[in-house]
Amino acid sequence: MRWLFFVSVVMFLLVSTVSVSALSNESLEAKELLDRAKLDIEGMELESIPISRVSEKYSEGLQIYLGQLSLERSRKKFDYGLAIEYAKDVEEIKKQALLAKDELQIFNENYNAVSLEVDLSSMDSEYRAIVDSYNEERFEDTIVLIDEGYLKLSEVQSNQTAIKLVYRSTIGVVWSFIVKQWVSLLVLFLIGVVLLIYFWE
């Protein structure tokens, strides 16, 4: 009798374990993607990338996953689609964030190098918008704004270079004229002084 009870308990445990571990492929996929999302967030943290947005996505995805897992174990209708979507969102945001971080670093280096030679105060608002979009975790916007920032940087640099060239060429022309015509200019100046003295009296 004890032997029969022992076998029944073992069989019950075996059936319970099989029913718990026999989860759907969708459940396993969602779990795998959420585990990967967690690693992505940790990687972003190591790179000093803001993680509020991805943490929120991950938390929502995990809550949905746990709710659907409970439904599946209760043999009720379940759907892991939203949990999978949120986990994939984390992966996509991570890719955008890494690209935005690299692009921003390169843009900052260029911006700082150009600012040593050119007054960039006219593009302060554009620069601030780029930095803010990154800090606010709008990484997709950051990449677009950086491209626009390069155009503006090039435009400001070209305008100021053109102004400097006009200024330098004007000074050069005037100086060249003075050097070539110094005798004539001196004679004109002396005539002007003589006439001024003559008519002054």
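Structure shown above.
This text gives an overview of the structure that appears in the document.

About the criteria used
Residues numbered from 1 in each chain as written. Predicted model: local features only at pLDDT ≥ 70, side-chain atom pairs only at ≥ 80, totals over all residues. Heavy atoms only, no water. Axes fitted to C-alpha atoms, helices over the stretch in contact; angles between N-to-C directions. Helix = DSSP H or I, 4+ residues; strand = E, 2+ residues; numbered from the N terminus. Parallel < 35°, antiparallel > 145°, perpendicular 65-115°, else oblique. Left-handed = near helix turned anticlockwise from the far one by under 90°. Contact = heavy atoms within 4.5 Å. Nonpolar A, V, L, I, M, F, W, Y, C, P; charged D, E, K, R; others polar. Buried < 20%, exposed > 50% of the residue type's maximum accessible area, 1.4 Å probe, protein only. Salt bridge = Lys/Arg side-chain N within 4 Å of Asp/Glu carboxyl O.

The next subject is the packing of helix α3 (residues 52-73) against helix α4 (residues 81-115). In the contact formed by α3 and α4, the axes pass within 8 Å of each other and the chain directions differ by 160°. As summarised for this structure, α3 and α4 are arranged roughly antiparallel, according to the angle between their axes. Remark: the crossing between α3 and α4 carries left-handed chirality. In this structure, α3 contributes Arg53, Val54, Lys57, Tyr58, Glu60, Gly61, Ile64 and Tyr65 to the contact, and α4 contributes Leu82, Ala83, Tyr86, Asp89, Val90 and Ile93. When the residues that make up the contact of α3 with α4 are grouped by side-chain class, the tally is 9 nonpolar, 1 polar and 4 charged.

One non-glycine residue with positive phi stands out, namely serine 48, at about 60°. Position of serine 48 among the secondary structure elements: in the loop between α2 (25-46) and α3. Assessed through its relative accessible area of 61%, serine 48 is described here as exposed.

Moving on: the pattern of salt bridges. Enumeration according to the criterion identifies 9 salt bridges in this entry. Between arginine 138 and aspartate 141 there is a salt bridge, with its nearest N and O atoms 3.1 Å apart. Here arginine 138 falls in the partly exposed class, since its relative accessible area comes to 31%. Overlapping salt bridges, with partners in common, bring together Glu136, Arg138 and Asp141 in one network.

Honestly, that's just the spatial picture; any functional story needs more than this.
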